[in-house]
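# Overview (structure and organization)
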Amino acid sequence: MKDIAEALEKKREHARLGGGQKRIDAQHAKGKLTARERIALLLDEGSFEEWDMFVEHRSHDFGMEKQRIPGDGVVTGWGTINGRLVYVFSKDFTVFGGSLSRAHAEKIVKVQQAAMKNGAPVIGLFDAGGARIQEGVEALGGYADIFLENVLASGVIPQISVIMGPCAGGDVYSPAMTDFIFMVKDTSYMYVTGPDVVKTVTNEIVSHEDLGGARVHAAKSGVADGSYDNDIETLTQMRRLVSFLPLSNREKPPTVPMFDDPERAEPSLDTLVPANPNTPYDMKELIQKVADEGDFFEIGKDFGKNILTGFGRMEGSTVGFVANQPMSLAGVLDIDSSRKAARFVRFCDCFNIPIITFVDVPGFMPGTKQEYGGLIKHGAKLLFAYAEATVPKVTVITRKAYGGAYVVMSSKHLRGDVNFAWPTAEIAVMGAKGAVEIIFRAEAAGDADKLAARTKEYQDRFTNPYVAASRGFIDDVIMPHSTRKRIIRALRTLKAKQLSNPAKKHDNLPL
Ligand code: HXC
């Protein structure tokens, strides 16, 4: 028996070495951890159970029959994060550059299917050179199998992709269909075609980093939902993210022990909104002062900064926060912020996470750049997402709620459950100055005094929460310091909320 055990351990040791010590050293020299080291950091200590450690590719072309490495470039299995089940796959760059063979794809599909069946998230760690070039169409078929599982799992289990090295060609589309993509700064890049192909086709000369580095995708393209400095920080943050998420759509959001008073008043919020309506203030402060222990996991921090999205907890239970950010472009809704928030709202709705919306929005961004870019369709995504969402929705208007943007931002009209406004709220079709210039154009033309008088009249009549409140579009006007308490009380009433949309195959979201 001892011999048998020793033989098994020898086989395991060989498999754990992946592409060999030289390649492991090269991986470390680039500031990257190996596939197994990453899993060890991501999961609870000792919880990882590896599957398919001895799987090898079945290729016979280009001398591949002489190069078989157990595991075949991806480490797969399951473990726990804070005691909760997750499935993982981690590409091993030391084995054929982490490239995907048919056998490699089958390993990933196996964990995807198990995760779906058992209701647990899948976390994929990417560090790979795309399709195994020696395999050809076998590898392409393998990608397709993974993509299909990604689509079937969407909205059933959370899927998280972490880009920790190259991620090119076929490797990019699986992350693109998952719920979240995070990247490691300086060591990861993601693109459909690399700099060489770009040069050949378009004559453009561009570096890996400028084409698809973490800064590009987290701030410019919006493909990534965030980026972190190194492997360790990234994996630590992924553990934190998972702590906010239900394991599947069959569960309610997780609840953790809470040490923050649900009745906590926050007097500083009474002076958060400046006297001058054009002066910005930091909406993140409101989120942090309202959420349990100020804990806010931001999604899309560097992209579409005029809207904030992310997870927090109220009375120990996960909620999603969506908030216009007056510090950036006055909190206006544009293409990027609409897309970002729409996707977040839809994630929350898939996974039964209540949505808290803080509103201070002057409207949609005007201009040819926005219109040519399809603002109408992108803005409609957010409108659509809020309207179809059936999870508990609590809204607080802190200042401006103008025009279409008022309607979009989880208004009563889109089935907002509890809609509050602060006394500083201004709910109107547009700002007073713009309104007066249109409706009193003839009367006040060239007469500054008349214009000022009409502006004051418009302000007195409309730039407050009371007209909306008199129609029942606002349930109550609340003092800012009581916001946390009032939201928690609202959420308590919504614990057993039942609401469903008409039966359909699926909707036709304006893409
Ligand atoms: C087989 C590969 C490989 C691949 C890398 N390797 N990519 N083996 N298939 N796709 C191997 C290398 O031969 C090398 O083996 C080892 O991995 C490390 O690669 P290096 O090139 O030395 O590393 P580095 O300099 O860091 O460059 C990394 C890289 C580069 C930028 C990812 O390897 C690269 O450009 N690879 C090819 C990328 C690509 O074109 N993939 C196909 C995309 S098409 P040794 O033995 O020397 O260690 C695609 C279509 C699918 O994916 C579409 C599905 C819908």
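Read on for a plain summary of the structure. Counting of residues starts from 1 at the beginning of each chain's written sequence and follows it residue by residue. Selection of residues for local features in this predicted model requires a pLDDT of at least 70, selection of side-chain atom pairs for listing and counting requires 80 or more, and totals for whole chains, interfaces and linings are taken over all residues. Side-chain metrics rest on all non-hydrogen atoms present in the structure, leaving aside hydrogens and water.

## Some thoughts on the overall build of the protein
Looking only at helices and strands, the protein has 20 helices and 16 strands in total. For the protein, whose C-alpha radius of gyration is 26 Å, the value lies close to the compact-globule estimate of 24 Å for 511 residues. Expressed along its principal axes, the backbone C-alpha trace of the protein runs to roughly 95 × 55 × 45 Å. Three labels apply to residues, based on accessible area from a 1.4 Å probe with only protein chains included: buried if under 20% of the type maximum, exposed if over 50%, partly exposed otherwise in between. By the burial criterion, 53% of the 511 residues in the protein qualify as buried. Residue contacts follow a heavy-atom distance rule, with two residues in contact if any of their heavy atoms lie within 4.5 Å. In the protein, 73% of the contacts between residues at least 6 apart in sequence involve partners at least 24 apart. Approximately 22900 Å² of the protein is accessible, and the part contributed by carbon and sulfur atoms is 57%. Both charge centroids of the protein, one from 63 positive and one from 64 negative side chains, sit 3 Å from each other. A run of DSSP states H or I qualifies as a helix once it reaches four residues; a run of E qualifies as a strand once it reaches two. Both are numbered from the N-terminal end. With C-alpha atoms as the basis for the radius of gyration, the globule rule is written as 2.2 Å multiplied by the number of residues raised to the power 0.38. In this description, accessible areas are obtained by the Shrake-Rupley approach with a 1.4 Å probe, and a residue is regarded as covered only by the protein chains that are shown. Charge counting follows a simple rule: Lys and Arg are positive, Asp and Glu are negative, and His as well as the terminal groups are ignored. Positions of charges follow a simple convention, taking NZ of Lys, CZ of Arg, CG of Asp or CD of Glu.

## Some thoughts on a nonpolar patch on the surface
Judged by side-chain polarity, Val429, Met430, Ile438 and Ile439 come together as a nonpolar surface patch covering roughly 380 Å² of accessible area. Looking at the secondary structure, you find Ile438 in helix H16 (residues 432-439). Patch construction takes residues with relative accessible area above 30% that form no salt bridge. Like charges are linked within 9 Å, and nonpolar side chains (Val, Leu, Ile, Met, Phe, Trp, Tyr) are linked within 5 Å. Any carboxyl oxygen of Asp or Glu that lies within 4 Å of a side-chain nitrogen of Lys or Arg is treated as forming a salt bridge with it.

## Some thoughts on the packing of helix H4 (residues 102-118) against helix H5 (residues 137-153)
The axes of two packed helices give the description: the angle between them and the distance between them. Relative to each other, H4 and H5 sit at 10 degrees, their axes nearing to 8 Å. Taken together, the axis directions place H4 and H5 in an arrangement best described as roughly parallel. Between H4, through Arg102, Ala105, Ile108, Val109, Gln112, Gln113 and Met116, and H5, the contact on the second element is made entirely by Glu138, Gly141, Gly142, Asp145, Ile146, Glu149, Asn150, Leu152 and Ala153. To get an axis, fit a line to the C-alpha atoms, keeping to the stretch in contact for a helix; angles then go from 0 to 180 degrees between the N-to-C directions. Every angle not falling under 35 degrees, over 145, or within 65 to 115 is termed oblique; those three ranges are roughly parallel, roughly antiparallel and roughly perpendicular.

## Description of the site of the ligand
Nearness here has a simple test: a residue counts as near a molecule or strand if at least one of its heavy atoms is within 4 Å of that partner. Close to the ligand lie 19 residues; Arg23, Gly97, Gly129, Ala131 and Gly170 are nearest. Nitrogen and oxygen atoms within 3.5 Å of one another constitute a polar contact, given that in protein one can donate a hydrogen and the other can accept it, and given that sequence-neighbouring residues count only through two side-chain atoms. One nitrogen or oxygen atom from the side chain of Arg23 is found 2.8 Å from an oxygen atom belonging to the ligand. With respect to the ligand, the backbone of Gly129 contributes an N or O atom lying 2.7 Å from a nitrogen atom. Surface burial for the ligand is 54%, taken as the share of its 1000 Å² of free accessible area covered by protein chains. With 3 residues, the single largest contributor to the shell around the ligand is H5. Side-chain classes follow a simple rule in which Ala, Val, Leu, Ile, Met, Phe, Trp, Tyr, Cys and Pro form the nonpolar group, Asp, Glu, Lys and Arg form the charged group, and the remainder, Gly included, forms the polar group. Of the residues contributing to the shell around the ligand, the split by class is 9 nonpolar, 7 polar and 3 charged.

## Describing the pairing of strand S12 (residues 355-361)
Across the 7 residues that make up S12, a large majority, 7, are buried. Going residue by residue along S12, you find Ile355, Thr357, Val359 and Val361 tucked away on one face and Ile356, Phe358 and Asp360 tucked away on the opposite face as well. One bridge is not enough; two strands pair if DSSP finds at least two bridges between them. Where strand S11 (residues 317-324) meets S12, 4 bridges bridge the pair, whose relative direction is parallel. Across the sheet, residue Phe321 finds its bridge partner in S12, namely Ile356. Looking down the strands as they point away from the viewer, one classifies a crossover as right-handed if the path from the first strand across the helix to the second runs clockwise. With respect to chirality, the unit in which S11 leads through helix H12 (residues 335-350) into the neighbouring parallel S12 is right-handed.

## Some points on the packing of aromatic side chains
Each Phe, Tyr or Trp ring, with Trp reduced to its six-membered ring, pairs with another whose centre is within 6.5 Å; inter-plane angles below 30 degrees give stacked pairs, above 60 give edge-to-face pairs, and intermediate values give tilted ones. On inspection of all chains with the given rule, the structure shows 17 aromatic pairs. Connected via pairs of aromatic rings, a cluster forms that spans Phe180, Phe182, Tyr228, Phe244, Phe297, Phe311, Phe344, Phe347 and Phe351.

## Thoughts on the pairing of strand S10 (residues 307-314)
Successive side chains on a regular strand alternate, one facing one side of the sheet and the next facing the other. Of all 8 residues in S10, 8 are buried, a share of seventy percent or more. Side chains Ile307, Thr309, Phe311 and Arg313 of S10 all project onto a buried face; the interleaved residues Leu308, Gly310, Gly312 and Met314 project onto the opposite face, where all are buried too. Summarising the sheet, strand S9 (residues 297-299) and S10 pair through 3 bridges and their orientation is antiparallel. If you follow Phe297 over to S10, its bridge partner there is Phe311. In this structure, S10 lies alongside S11, joined through 8 bridges in antiparallel fashion.

## Thoughts on the environment of Ala421
Tracing the backbone through its elements, the reader meets Ala421 in strand S14 (residues 418-421). The buried category is assigned to Ala421, whose relative accessible area is 0%. As for Ala421 and Asp475, which are separated by 54 residues in sequence, their C-alpha atoms are 8.2 Å apart. Excluding residues within four positions of it along the chain, Ala421 makes contact with Ile397, Pro465, Ile474, Asp476, Val477 and Ile478.

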